Each structure stands twice: as C-alpha cells, then as structure tokens.
Amino acid sequence: GAVVSQHPSRVICKSGTSVKIECRSLDFQATTMFWYRQFPKQSLMLMATSNEGSKATYEQGVEKDKFLINHASLTLSTLTVTSAHPEDSSFYICSAREPRQGINIQYFGAGTRLSVL
Amino acid sequence: GNSVTQMEGPVTLSEEAFLTINCTYTATGYPSLFWYVQYPGEGLQLLLKATKADDKGSNKGFEATYRKETTSFHLEKGSVQVSDSAVYFCAFHSGAGSYQLTFGKGTKLSVIP
C-alpha cells in the first residue's frame, strides 16, 4: 500500500512554545490530508481536513488559530500547535487520501506523541 | 448522526483461538466500510474493506462481511496469532464525495501463547 511519513514521532516541549508536525505522502500525490487527535484508549477524533492549495476545514470545536494547518504541496501537510499547553498533550495522526484506487482509501502516518510540560 | 459502535475490549485470547470483534454502524447514504489495525506505537494500517452489501473483505486471514440489513461489519479470524495483538478500529465513510472517516473506539486484542 501507499506510504505516509509523519515526523517527528515524539516531541516534548515547554508550555508556550509552538510545535510543527509534518505529514508526507511518499509515493502518491495527496490532494486531501486529514489530521486526527487520539486520546488514550479512545478513538481518533478528526480535527481538520487539509486540501492542497486552499484553507483547511476544521471540525466543530477545533481552534483554527491554535492548530494551524498548511498544505502547500501535493505531498506535504503540516500541523503547527501554537502556544502549546499541557492540555494539548496527545497523539496526533495524519492521513492522506489516495484517490487512484477509486474508493478514497486513507493511508495513515505513524503518529506524533506530543508532551507539553 | 454518523457513528460506529464496537465491542469494548480488551479482548484476550489464546493462540489459535477464534476471533470475533463486533461492529455496527449508523450512517446516512451508502457507506464504505473498513477495518484498520494499529500495532503498538504505530499509526493505523488498512486491514480490509467492503464497499457494497454482501461484499466480504479479507486480508491476512481476517474477514468481514458488509451486512446492510443489520448495519454490521463484524471482524473474524479463525486462528489468531501472537502477532495479531493490536488495536482494531472499525470505520466508514458515507460514500461519493465524502472523504471523512468515522471511527469506532477501537478494540484492543491481546493474544497469548
């Protein structure tokens, strides 16, 4: 299957700093990428849909100014957690939609564990 | 609204035991159904899928059949292995034009030798 690379896999930062997470589709072009947040022992919560060349679409309750998403190319989307606080600590996962297969399969990155001190 | 209900875990089985993880969904339209697997410390991997009623998705010995009449997509495997230990997520997207996945809460499976 297609490969999605997410970096970094783990980050620890101080409260008030910003953290950037990258999501790359390695062997296909992804016009649409998704960002999820996963709480311990819970399911994935969709945060936003990232479309190449346009503004991201955020889910209800997700702060746009807090979670900045940029999808500048067909293979890269970034999520920046601005002025991070301990409550932002979580597991963030991206996915990229592979359109060629016809049924819109999403391929997932390995996730980023964010810990805010 | 759209939702997925999975059996709660954790599920602990002995090697070679039969596995069933129940999944039912509530969706508008005609959804495509998926099972994803998450191994420890990793992202999600697509395990299998089905796009229309009575389709059977299968992969690595796992199977699930799209049952529209019962809105279910139960995951089964006849003989589990220790390497199958992971968290399994049932998910769907609602069809043409909708790319968003709705996930269940996940079911953790532990297989012991």
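Parameters at a glance
Residues numbered from 1 in each chain as written. Chains lettered and ligands numbered in written order. Predicted model: local features only at pLDDT ≥ 70, side-chain atom pairs only at ≥ 80, totals over all residues. Heavy atoms only, no water. Helix = DSSP H or I, 4+ residues; strand = E, 2+ residues; numbered from the N terminus. Rg over C-alpha atoms; globule rule 2.2 N^0.38 Å. Contact = heavy atoms within 4.5 Å. Areas by Shrake-Rupley, 256 points an atom, 1.4 Å probe, with all protein chains shown as cover. Lys, Arg positive; Asp, Glu negative; His and termini not counted. Charge placed at Lys NZ, Arg CZ, Asp CG, Glu CD. Pairing = 2+ DSSP bridges. Axes fitted to C-alpha atoms, helices over the stretch in contact; angles between N-to-C directions. Core = buried A, V, L, I, M, F, W, Y, C linked by side-chain atoms within 4.5 Å. Buried < 20%, exposed > 50% of the residue type's maximum accessible area, 1.4 Å probe, protein only. Disulfide = S-S within 2.5 Å.

Novice: Would you mind showing me how to read the overall build of chain B here?
Specialist: For chain B, the count of helices and strands is 0 helices and 12 strands. Along chain B, helices and strands appear, N-terminal first, in the series β-β-β-β-β-β-β-β-β-β-β-β. Taken over the C-alpha trace, chain B has a radius of gyration of 14 Å; the compact-globule value for 113 residues is 13 Å, and the two agree within 12%. Across its three principal directions, the C-alpha atoms of chain B cover 45 × 30 × 20 Å. Looking at chain B alone, contacts between residues at least 24 apart form 56% of all its contacts between residues at least 6 apart. Approximately 5,400 Å² of chain B is accessible, and the part contributed by carbon and sulfur atoms is 49%. Of the side chains in chain B, 9 bear a positive and 10 a negative charge, and the two mean positions are spaced by 6 Å.

Novice: Even after reading the chapter, I still don't get the sheet that holds strand β7 (residues 67-73) of chain A, so can you show me in this structure?
Specialist: By way of backbone hydrogen bonds, the strands of a sheet pair with one another, either parallel or antiparallel. Residue and element names in this part refer to chain A. The strand order across the open sheet formed by 4 strands is β1-β3-β8-β7, and the pairing between neighbours is antiparallel. The sheet is open, and its two edges are formed by β1 (4-7) and β7, each paired on a single side. Direction aside, neighbouring strands of the sheet carry axes that sit 15° apart on average. Bridge count between β1 and strand β3 (residues 19-25): 4 bridges; the pairing is antiparallel. Among the inter-strand pairings, His7 is bridged to a residue of β3, identified as Glu22.

Novice: How do you make sense of the environment of A:Thr80 when you look at a structure like this?
Specialist: Residue and element names in this part refer to chain A. On the secondary structure map, Thr80 appears in strand β8 (residues 76-81). A C-alpha to C-alpha distance of 24 Å links Thr80 and Lys41, two positions 39 residues apart in sequence. If near-sequence neighbours (up to four positions away) are discounted, Thr80 is found in contact with Ser18, Val19, Lys20, Lys66, Phe67 and Leu68.

Novice: Looking at this model, I keep getting lost on the nonpolar core. Mind explaining?
Specialist: The nonpolar side chains of a soluble globular protein tend to be buried with one another. Ranked by internal contacts, the top residues of the largest apolar core, which has 42 residues, are A:Tyr36, A:Phe108, B:Tyr36 and B:Phe103. By size, the runner-up hydrophobic cluster in this structure holds 26 residues, among which are B:Leu33, B:Leu47, B:Phe73 and B:Phe92.

Novice: Explain the state of the cysteines to me, please; I cannot follow it from the model alone.
Specialist: Cysteine pairs can be covalently joined through their sulfur atoms, and such a bond is termed a disulfide. Scanning the entire structure with this criterion turns up 2 disulfides over all chains. A disulfide bridge connects A:Cys23 with A:Cys94, and the sulfur atoms are separated by 2.0 Å. Classification of the bridge connecting A:Cys23 and A:Cys94 rests on its S-S torsion, roughly 80°, and on that basis the disulfide is right-handed. You can see A:Cys23 sitting in strand β3 and its partner A:Cys94 sitting in strand β9 (residues 90-98), a full 71 residues away along the chain. For the residue pair A:Cys23 and A:Cys94, the accessibility class agrees, reading buried in each case. Each sulfur of the disulfide joining B:Cys23 and B:Cys90 lies 1.9 Å from the other. Of note, the bridge from B:Cys23 to B:Cys90 carries an S-S torsion of about -70° and is left-handed in sense.

Novice: What's the story with the environment of A:Val116 in this structure? I'm lost.
Specialist: All names here are of chain A. Along the polypeptide, Val116 turns up in strand β11 (residues 112-116). With relative accessibility at 7%, the residue Val116 sits in the buried group. Through-space distance from the C-alpha of Val116 to that of Val19 is 9.8 Å; in sequence the pair is 97 residues apart. Not counting residues up to four positions away in its chain, the partners in contact with Val116 are Cys13, Lys14, Ser15, Ala84, His85, Pro86 and Ser89.

Novice: Explain the sheet that holds strand β3 (residues 19-21) of chain B to me, please; I cannot follow it from the model alone.
Specialist: Residue and element names in this part refer to chain B. Overall, antiparallel pairing links the 4 strands, which are arranged β3-β9-β8-β7 in an open sheet. If you trace the sheet from one side to the other, it starts and ends with β3 and β7 (56-59), each paired once. Each adjacent strand pair in this sheet contributes to an overall mean axis angle of 15°, direction not counted. As defined by bridge partners, strand β8 (residues 62-65) adjoins strand β9 (residues 75-77) across 3 bridges and the pair is classed as antiparallel. Opposite Ala64, over in β9, you have Leu75 as the bridge partner.

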